[in-house]
Amino acid sequence: MRFDVITLFPELFTPFLASGVTRRAYESGLVEVKLWNPRDFADGNYRRVDDRPFGGGPGMVMLAEPLALCLEKILADRSRDGAPVVLFSPIGEKLDHAGVENWSAGSGAVLVCGRYEGLDQRFIDTYIDRQVSLGDFVLSGGEIAAMALLDAVARLQPGVLNDEGSHQLDSFNPALDGLLDCPHYTRPESWRDQGVPQVLMSGNHAHIERWRREQRLALTQQQRPELVQNARTAGQLTAGDEAFLARLAKDIELKA
Ligand SMILES: C[S@@+](CC[C@H](N)C(=O)[O-])C[C@H]1O[C@@H](n2cnc3c(N)ncnc32)[C@H](O)[C@@H]1O
């Protein structure tokens, strides 16, 4: 899988690609990441990559030509393999677990990181296949969004996490019916007068699994009830799950 990243700040990626468990994915080439700076494709002594917006207004706009030359070079380097060209943008489709799973099962993409007020629209109209957003807020550039996508994709690759399959126990994973993750505890057993749920110290794996399932259900019902409803619609909730949720609803009603 190969990702080519177009960025005016390739140096931001250096520590990211060399840190944490996902480092293995990048270093081994399992997830190959190539960085390209449109400034290297810009003209003149100043290698200008931006200019003022037509029509006036604040900020600068990224020039289409250095971006186009940079992208053409990448497409040729990839032997025009049909990889999608993705722009990170607040107007894009929001990245979620299903999206990350799709990217992680694919063969990569060209990721374009915007800066300033954004890119000349004519470049977008000519080259961009998809736009992806990290959420309803504005970043200073697409680099953090690109790193978020790369990180989420890398940790899903086989052999990247220390504990094989541990990502399947993470929030949103279909293996956990798309629910949120349960709380976790570690040593010491008593921390600042707070203990650990007794069941976790019991050694009874069936009870521990039931407790974790109920914690996931309770947390998801509280924070993201639509995810519980999705699991219900998909027929993923057992009679035991439903009985637990009914008890939970009753408890909340009594406390209100
Ligand atoms: C300062 S932003 C431009 C914001 C743009 N003028 C707007 O209001 O939609 C500069 C760049 O950061 C990136 N960016 C900002 N917010 C983002 C988000 N929520 N998701 C993904 N990329 C984002 C985009 O690549 C964008 O071109």
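All values derive from a computational prediction rather than experimental measurement.

Draft legend 1. View of the overall build of the protein. Secondary structure assignment for the protein yields nine helices and seven strands. Relative to a compact globule of 256 residues, whose C-alpha radius of gyration would be 18 Å, the protein shows 23 Å and is clearly more extended. Dimensions of the protein, computed from the C-alpha atoms along their principal axes, are close to 70 × 40 × 40 Å. Burial status across the protein gives 23% buried among its 256 residues. Taking all contacts inside the protein whose residues are at least 6 apart in sequence as the whole, residues at least 24 apart take part in 77%.

Draft legend 2. Representation of the site of the ligand. Close contacts around the ligand come from 18 residues, with Phe88, Gly114, Leu139, Gly142 and Ala145 the closest. Broken down by element, the residue count for the shell around the ligand peaks at three residues, all from strand 5 (residues 85–94). Grouping the amino acids of the shell around the ligand by side-chain chemistry returns eight nonpolar, eight polar and two charged.

Draft legend 3. Region of interest: the sheet that holds strand 5. Spatially, 2-1-6-5-7 is the arrangement adopted by the five strands of the open sheet, whose pairing is parallel. In this open sheet, the two strands that pair with only one neighbour each are strand 2 (32–36) and strand 7 (130–133). The sheet shows a mean angle of 35° between the axes of neighbouring strands, taken without regard to direction. Where strand 1 (residues 2–6) meets strand 2, five bridges bridge the pair, whose relative direction is parallel. The residue bridging isoleucine 6 from the neighbouring strand is tryptophan 36, located in strand 2. Packed onto the sheet, helix 3 (residues 64–77) meets strand 1, strand 2, strand 5 and strand 6 (108–112) and runs at close to 165° relative to strand 1.

Draft legend 4. Highlighting the packing of helix 7 (residues 205–223) against helix 8 (residues 225–233). Helix 8 packs onto helix 7 with a crossing angle of 120° between their chain directions and a minimal axis gap of 5 Å. In this view, helix 7 runs oblique relative to helix 8, as classed from their interaxial angle. Contacts between helix 7 and helix 8 involve Leu217, Thr220 and Gln221 on the former and, on the latter, Pro225, Leu227 and Val228. In the contact of helix 7 with helix 8, the residues fall into four nonpolar, two polar and no charged.

Draft legend 5. Representation of the nonpolar core within the structure. In terms of nonpolar packing, the biggest core is built from 39 residues, with Ile6, Val110, Leu111, Ala146 and Leu150 touching the most fellow members. At seven residues, helix 6 (residues 143–154) tops the list of elements feeding residues into this core. Apart from residues lying up to four places away in sequence, valine 110 is in contact with Asp4, Ile6, Leu71, Ile74, Ala83, Val85 and Val86. Among the nonpolar cores identified, the runner-up in size contains seven residues, and Leu176, Leu179, Leu217 and Val228 belong to it.

Draft legend 6. Spotlight on the domain arrangement of the protein. Each assigned domain of the protein is listed here: domain 1 (2–154) and domain 2 (170–255). Its C-alpha centre places domain 1 at a distance of 38 Å from the equivalent point of domain 2.

Draft legend 7. Expanded view of the pairing of strand 1. Counted residue by residue, strand 1 has four buried out of five residues, so it is predominantly covered. Bridge analysis of strand 1 against strand 6 gives five bridges, and the strand direction is parallel. Across the sheet, arginine 2 pairs through a bridge with glycine 108, a residue of strand 6.

Draft legend 8. Quick look at helix 9 (residues 239–255). Given a rise of 1.5 Å per residue, 17 residues ought to cover 24 Å, and the 24 Å separating the end C-alpha atoms of helix 9 matches this to within 8%. In terms of burial, helix 9 is a largely surface element, zero of the 17 residues being buried.

Draft legend 9. Layout of the environment of arginine 192. Counting through the fold element by element, arginine 192 comes out in the loop between helix 6 and helix 7. You can call arginine 192 exposed: it has 5 C-beta atoms within 10 Å.

Draft legend 10. Molecular detail of the environment of aspartate 129. Along the polypeptide, aspartate 129 turns up in the loop between helix 5 (121–127) and strand 7. Overall, the presence of 12 C-beta atoms within 10 Å leaves aspartate 129 in the exposed class. Taking the C-alpha atoms as reference, aspartate 129 lies 5.9 Å from proline 84; in sequence the two are 45 residues apart. The contact partners of aspartate 129, leaving out residues within four places of it in the chain, are Pro84, Val85 and Val86.

Draft legend 11. The arrangement of the packing of helix 4 (residues 97–105) against helix 6 in detail. The contact between helix 4 and helix 6 brings their axes to 9 Å, and the two run at 70°. By the angle class used here, helix 4 and helix 6 are roughly perpendicular. Note on element contacts: helix 6 touches helix 4 through Leu149, Ala152 and Val153, opposite Val100, Trp103 and Ser104. Residues of the contact of helix 4 with helix 6, tallied by class, amount to five nonpolar, one polar and no charged.

Conventions we followed
- Residues numbered from 1 in each chain as written.
- Predicted model: local features only at pLDDT ≥ 70, side-chain atom pairs only at ≥ 80, totals over all residues.
- Helix = DSSP H or I, 4+ residues; strand = E, 2+ residues; numbered from the N terminus.
- Rg over C-alpha atoms; globule rule 2.2 N^0.38 Å.
- Buried ≥ 20, exposed ≤ 12 C-beta atoms within 10 Å, placed from the backbone.
- Contact = placed C-beta atoms within 7 Å.
- Near = placed C-beta within 6 Å.
- Nonpolar A, V, L, I, M, F, W, Y, C, P; charged D, E, K, R; others polar.
- Pairing = 2+ DSSP bridges.
- Axes fitted to C-alpha atoms, helices over the stretch in contact; angles between N-to-C directions.
- Parallel < 35°, antiparallel > 145°, perpendicular 65-115°, else oblique.
- Core = buried A, V, L, I, M, F, W, Y, C linked by C-beta atoms within 7 Å.
- Domains from an automatic or database assignment.
- Expected span 1.5 Å × (residues − 1).

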